[in-house]
Amino acid sequence: MSFYALHSKQMALPGGIRDATVIIQDGLISGIEEGLVTGMEAGFLDVADKVVMPGVIDPHVHINEPGRTDWEGYDTATRSALAGGLTTLVDMPLNSSPVTVTAAAFDQKLRATVGQLHCNSGFWGGVVPGNEKEIGSLIDRGVLGFKAFLTHSGIDEFPNVTETDLRKVMPVIARRGLPLLVHCELESGRGDAAGVGPRSYRNYLLSRPPGWEEDAIALMIRLCAEYRCRTHIVHLSSAGSIDLIRKAKDKGLPLTAETAQHYLYFDAANIKDGATSFKCAPPIRSRENNDQLWEGLQEGVIDFVATDHSPAPPAMKELESGDFAKAWGGISSVQLALSALWTITRKKGGTPGDLVKWLCEGPAALIGESGRRGKITPGAIADLVVWDPHREFLVTAEHLEHKHKITPYLGERLAGAVEQTWLGGVRVFDKGVQTGFNQGKIILNRPDK
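Structural notes, computed from the coordinates. (Residues numbered from 1 in each chain as written. Predicted model: local features only at pLDDT ≥ 70, side-chain atom pairs only at ≥ 80, totals over all residues. Heavy atoms only, no water.)

**Here we look at the sheet that holds strand 9 (residues 125–126)**
- Here six strands make up an open sheet; going across it, the order is 9-10-11-12-13-14 and the pairing parallel. Of all the strands in the sheet, the pair left with one neighbour each is strand 9 and strand 14 (304–305).
- Here helix 7 (residues 242–250) sits on the sheet and contacts strand 12 (231–233) and strand 13 (255–259); the angle it forms with strand 13, its principal contact strand, is near 150°. (Pairing = 2+ DSSP bridges. Helix = DSSP H or I, 4+ residues; strand = E, 2+ residues; numbered from the N terminus. Contact = heavy atoms within 4.5 Å. Axes fitted to C-alpha atoms, helices over the stretch in contact; angles between N-to-C directions.)

**Some details on a negative patch on the surface**
- Together, Asp19, Glu33, Glu34 and Asp46 make up a negatively charged patch on the protein surface.
- With respect to the helices and strands, aspartate 19 occurs in strand 2 (residues 16–25). (Patch = residues over 30% accessible without salt bridge, like charges linked within 9 Å, V, L, I, M, F, W, Y side chains within 5 Å. Areas by Shrake-Rupley, 256 points an atom, 1.4 Å probe, with all protein chains shown as cover. Salt bridge = Lys/Arg side-chain N within 4 Å of Asp/Glu carboxyl O. Lys, Arg positive; Asp, Glu negative; His and termini not counted. Charge placed at Lys NZ, Arg CZ, Asp CG, Glu CD.)

**Considerations on the side chain of asparagine 95**
- Along the chain, the position of asparagine 95 falls in the loop between strand 7 (86–91) and helix 2 (103–112).
- Engagement of the side chain of asparagine 95 in a polar contact is seen with the side chain of asparagine 64, the distance being 3.4 Å.
- Leave out the neighbours within four places in its chain, and asparagine 95 touches His62, Asn64, Arg68, Trp71, Ile155, Ser310 and Trp328. (Polar contact = N/O pair within 3.5 Å; in protein donor to acceptor, adjacent residues only side chain to side chain.)

**Re the pairing of strand 7**
- In terms of burial, strand 7 is a largely internal element, six of the six residues being buried.
- In the sheet, strand 6 (residues 56–61) pairs with strand 7 via four bridges, with the strands oriented parallel. In the sheet register, isoleucine 57 faces strand 7, and the bridge partner there is threonine 88.
- At this point the chain moves from strand 6, through helix 1 (residues 74–83), to the parallel strand 7, and the crossover so formed is right-handed. (Buried < 20%, exposed > 50% of the residue type's maximum accessible area, 1.4 Å probe, protein only. Right-handed = clockwise from strand over helix to strand, strands pointing away.)

**Some remarks on the environment of lysine 50**
- Structurally, lysine 50 is set in the loop between strand 4 (43–46) and strand 5 (51–54).
- A relative accessible area of 19% places lysine 50 in the buried class.
- Sequence separation between lysine 50 and lysine 9 is 41 residues, and the spatial gap between their C-alpha atoms is 7.2 Å.
- The contact partners of lysine 50, leaving out residues within four places of it in the chain, are Ser8, Gln10, Val386, Trp387, Asp388 and Glu419.

**Describing the nonpolar core**
- In terms of nonpolar packing, the biggest core is built from 100 residues, with Met53, Phe146 and Leu180 touching the most fellow members.
- With seven residues, helix 6 (residues 210–227) is the single largest residue contributor to this core.
- The residues contacting methionine 53, other than those within four sequence positions of it, are Ala12, Leu338, Pro352, Leu355, Val356, Leu359, Cys360, Ile376, Asp383, Leu384, Val385 and Trp387.
- Grouped together as the second largest cluster of nonpolar side chains are 23 residues, Phe149, Phe304, Ala312 and Ile367 included. (Core = buried A, V, L, I, M, F, W, Y, C linked by side-chain atoms within 4.5 Å.)

**Re helix 10 (residues 337–347)**
- Of all eleven residues that make up helix 10, nine are buried, and the element is covered over most of its length.
- When helix 10 is considered as a whole, its buried residues turn out to be Ala337, Leu338, Ser339, Ala340, Leu341, Trp342, Thr343, Ile344 and Thr345.
- Just downstream of helix 10, glycine 349 is the residue with a positive phi angle, here 85°.

**What about the packing of helix 10 against helix 11 (residues 352–366)?**
- Look at helix 10 against helix 11: their axes get within 10 Å of each other, and the N-to-C directions meet at 130°. With respect to each other, helix 10 and helix 11 are oriented oblique. As helix 10 packs across helix 11, the resulting crossing turns out to be right-handed. Residues Ala337, Leu338, Leu341, Trp342 and Thr345 of helix 10 form the contact with helix 11, whose participating residues are Pro352, Asp354, Leu355, Trp358 and Leu359.
- Of the residues belonging to the contact of helix 10 with helix 11, the class tally is eight nonpolar, one polar and one charged. (Parallel < 35°, antiparallel > 145°, perpendicular 65-115°, else oblique. Left-handed = near helix turned anticlockwise from the far one by under 90°. Nonpolar A, V, L, I, M, F, W, Y, C, P; charged D, E, K, R; others polar.)

Here it is in structure tokens:
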């Protein structure tokens, strides 16, 4: 029987930041005591004024294995997760080969994790035209929900769906109580900065206008109301949709939304032409827009923040040509999820408690793990992160565990350095060194049939 006590003057508990000692027994939080508790027959660690909070949960990660492990893979993705204080990821169904749109492909993905799962991982199934008969089997296998695109995904094997396709699957997904995650862009005309060429970031920004998101979100709100299917809007970038989401929530619709760290941290005015490491879809927009996203997050209209970690080999990012039209659209940042968001939150006057809501509690609710993860409370799994809110660090390629060291955060000075990551009560990352390997658990959904 393992027995451990962890003390911090900044323990992020559901009631706020407290001076407390957490008791960990057999991988679970068995008790919480006020202040510094000593004299127990247990292993003991006092981290003083470092923040201890639940391990970060990132429900939007493209790991790309099997089939495209040269893009990332479970080993490097979950190593970088631990280094960033993440204890649970949920893998997206595209970018791997085969894409996870059949039960057979899901079984293949599970086999790919063997021997290289360093943090916990769940899995989303995919919705594409014609796979409606696979939805029930994927649920039975244990996917946590489903992902669909309303515009081209970037992967030909994962085509976008239409309203007709969604009407076939939403009743099934709703009946089984799982969420449908949607990339919300509907193509309806393109802007163009004539004559500026493919290296122009402004031209790329105009090519995916906010109206695409707003039209798509309006469609999903209408279908959500009709089918009462849990609907989740991924990587919201346009603040113009916040009021639509607010009104839908006010009506009691089962609608949630996330934004990404890069939509809050970066802004279009500071992205240079040819800087394709910043390319993502939807695009990074204006500072004014991003400030409104921040307000929506504080208000709770936006439920949480997820990285949308989407790596690719250097050649696919077109770093030399700077061609935004050809470059892969994806930002690598899973290791920086906590630090990037804390850097913004600290500037805005927020607290570590805000990060618990946006990086732990909100994602846990989406994946059906609220009672087990995302909170430091008796009975919860002892997945924890210890981090220093005052220590800053420079993001360098050497610092990153991602397979490819391409990210717009290179050269940025971030606050909130992760010191330790605990997985099931075991310290698996400590001051820059991974101390536990292949201890991640597979998280499956087992709804009542």
